[in-house]
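As a plain string of letters, each chain reads:
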Amino acid sequence: MKKIAILGSTGSIGTQTLEVARENGDIEVLGLAAGSNIRLLEEQIREFHPRLVAVWSEDKAQELRVKIADTDTKVVSGMEGLLDVSTMSGTEILVTAVVGMIGIRPTIEAINAGKDIALANKETLVTAGHLIMPLAKEKGVSILPVDSEHSAIFQSLQGNEQKAIHKILLTASGGPFRGRKAEELLEIKVEDALKHPNWSMGQKITIDSSTMINKGLEVIEAKWLFGVDVDQVQVVVQPQSIIHSMVEYVDGAIMAELGTPDMKLPIQYALYYPERRYLPGERVDFWSLGKLEFEKPDMETFYGLKLAYEAGRTGGSLPTVFNAANELAVSQFLKREIKYLEIMEIIEDCMKAHKNIDNPTLEQILETEAATYERINSRR
Ligand code: NDP
Ligand code: MG
């Protein structure tokens, strides 16, 4: 039995991880954590019988304790609770599927406790990759990518040496607004931006995909996971999302992973690596597919991607500013407090105003996040 815990078990990646556990039947789920969805947590507790469950708010945790008083599951809350689930005894793998920088401390503490990390929570690596990757190496734990592009790169690296990478070809669907110009994005509504052509995901990442900022975060994520410079990562728009990413080696050979868009594949690969397991679902049929298309990303309209390259190239605390500004701007957009294009404007403004800190500590990262939030909140 594989023993795992999941942070963000009620979300898109979290629920699909539990589907993988259910379908395989040999994964024991010892711990779960979520923000506030205790209705779904209760169902998950009754099906998977975890030992420990963390809920972010203490009030909700108390409500859940009452609901599941007939079970053996213990309910904890707050950051302490998240850390308890991340470091609990008996688990081998922590699936980090919370959304946002909230994942940094739990990820660091899980690594300190010797857990392998199945990493979906890209914001953590974008902001604290310089702390996490060396720590993982020191503790001898694996960081297994769940993000589909990074899983594709990881799969394309099997049997090859990382030092033979010439470049990484990071594919992008281009999102729902591919081909549009800035003037056509002025009046974008939340509902429009939440319609992704190929993938069904949580709200934040769906907005990020529409602005191409998700791809920007992924460029920086790739830098940390695969030890390359951001300028070795080339974004290629592949509208059908069949090619999930590629690696070009020094001899010109290109390795890729292809498949239908289904997050259960990278989740399952991360959980069982290096084993491959049967996965039910639709398969690519090249006869009916006919052709695959490729385009260059429009980094003038979707300049958040350009800002991500700048943040990744500069390093230090600038990626934290890029990420934190995006997190708050996206949540304001989702609450209909700002317009769509303001997301990019806010990020650019915060990056311009920031005095970069080289090699920031965890504390400095969190201070930078707070200062970025303060700057954005003082705009209004
Ligand atoms: P969702 O919004 O669907 O889920 C987020 C999860 O995090 C929920 O379980 C939520 O709980 C939980 N959560 C939020 N805040 C807290 C908190 N303070 N404490 C504990 N748990 C919390 O997101 P996704 O599953 O789409 O994405 C998760 C991560 O994976 C993101 O970093 C995203 O970029 C990445 N990712 C996602 C992909 C996808 O296909 N969805 C693909 C590749 C990467 P609650 O429901 O109670 O609010
Ligand atoms: Mg992705």
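Just above sits the structure.
Described in the following lines is the structure provided in the data block. (Residues numbered from 1 in each chain as written. Chains lettered and ligands numbered in written order. Predicted model: local features only at pLDDT ≥ 70, side-chain atom pairs only at ≥ 80, totals over all residues. Heavy atoms only, no water.)

### So, the overall build of the protein chain
Across its full length, the protein chain carries 16 helices and 11 strands. Relative to the 2.2 N^0.38 estimate, which gives 21 Å for 380 residues, the radius of gyration of the protein chain is 20 Å and therefore close to what a compact globule would have. Dimensions of the protein chain, computed from C-alpha atoms along their principal axes, come out at roughly 55 × 55 × 40 Å. By residue count, 55% of the 380 residues in the protein chain fall in the buried class. Once local pairs closer than 6 in sequence are excluded, the contacts in the protein chain between residues at least 24 apart make up 68%. (Helix = DSSP H or I, 4+ residues; strand = E, 2+ residues; numbered from the N terminus. Rg over C-alpha atoms; globule rule 2.2 N^0.38 Å. Buried < 20%, exposed > 50% of the residue type's maximum accessible area, 1.4 Å probe, protein only. Contact = heavy atoms within 4.5 Å.)

### Quick notes on the environment of Gln364
With respect to the helices and strands, Gln364 occurs in helix α16 (residues 362-377). Look at Gln364 and you get partly exposed, because its relative accessible area is 26%. Spatially, the C-alpha atom of Gln364 lies 29 Å from that of Glu149, the residues being 215 residues apart in sequence. Other than its neighbours up to four places away in sequence, Gln364 contacts Ile357 and Asn359. Engagement of the side chain of Gln364 in a polar contact is seen with the backbone nitrogen of Thr361, the distance being 2.9 Å. (Polar contact = N/O pair within 3.5 Å; in protein donor to acceptor, adjacent residues only side chain to side chain.)

### Side note on the sheet that holds strand β8 (residues 165-172)
The strand order across the open sheet formed by 4 strands is β9-β8-β10-β11, and the pairing between neighbours is mixed. Each of the sheet's edge strands pairs with one partner strand only, and the pair in question is β9 (233-237) and β11 (254-258). When strand polarity is set aside, the average angle formed by the axes of neighbouring strands in this sheet is 20°. With 5 bridges connecting them, β8 and β9 associate as parallel partners. (Pairing = 2+ DSSP bridges. Axes fitted to C-alpha atoms, helices over the stretch in contact; angles between N-to-C directions.)

### A few points about the coordination of the magnesium ion (ligand 2)
Protein-derived coordination of the magnesium ion (ligand 2) comes from Asp147 (OD), Glu149 (OE) and Glu218 (OE), at a distance range of 2.0 to 2.1 Å. Sequence spacing of the donor residues for the magnesium ion (ligand 2), all on one chain, is D-x1-E-x68-E. Pair noted here: Asp147 is in the loop between β7 (143-145) and α7 (148-157) and Glu218 is in helix α10 (residues 213-226), with a separation of 71 residues, a long-range link. A relative accessible area of 7% means that Asp147 is categorised as buried. (Donors = N, O, S within 2.8 Å, 3.2 Å for Na, K, Ca; no water.)

### Remarks on the layout of surface pockets
Its volume calculated, the second largest pocket comes out at about 370 Å³. If you go around the second largest pocket, you meet 20 residues; those closest to its centre are Glu257, Leu265, Arg276, Leu279 and Arg283. Only β11 and α11 (264-272) provide two or more residues apiece to the lining of the second largest pocket. Per element, the largest residue contribution to the lining of the second largest pocket is 3 residues, and it comes from α11. Partitioning the lining of the second largest pocket into residue classes produces 8 nonpolar, 5 polar and 7 charged. (1 Å grid on protein atoms, 1.4 Å probe; cavity = no way out; pocket = protein on both sides within 12 Å on 5 of 7 lines; lining within 4 Å. Points joined across faces, edges and corners; volume = space filled by probe spheres on them. Nonpolar A, V, L, I, M, F, W, Y, C, P; charged D, E, K, R; others polar.)

### Comments concerning the pattern of salt bridges
In this structure the tally under the stated criterion is 26 salt bridges. Between Lys264 and Glu19 there is a salt bridge whose closest N-O contact spans 2.9 Å. A residue pair is termed long-range when its members are at least 10 positions apart, and Lys264 in helix α11 and Glu19 in helix α1 (residues 12-24) qualify at 245 residues. Judged by relative accessible area, Lys264 falls into the buried class, the value being 12%. Judged by relative accessible area, Glu19 falls into the partly exposed class, the value being 26%. Note that Glu161 is salt-bridged to Lys163, the shortest N-O span being 2.6 Å. Classification of Lys163 as exposed rests on a relative accessible area of 69%. The structure contains a network of salt bridges with shared partners spanning Lys122, Asp147, Glu149, Lys215 and Glu218. (Salt bridge = Lys/Arg side-chain N within 4 Å of Asp/Glu carboxyl O.)

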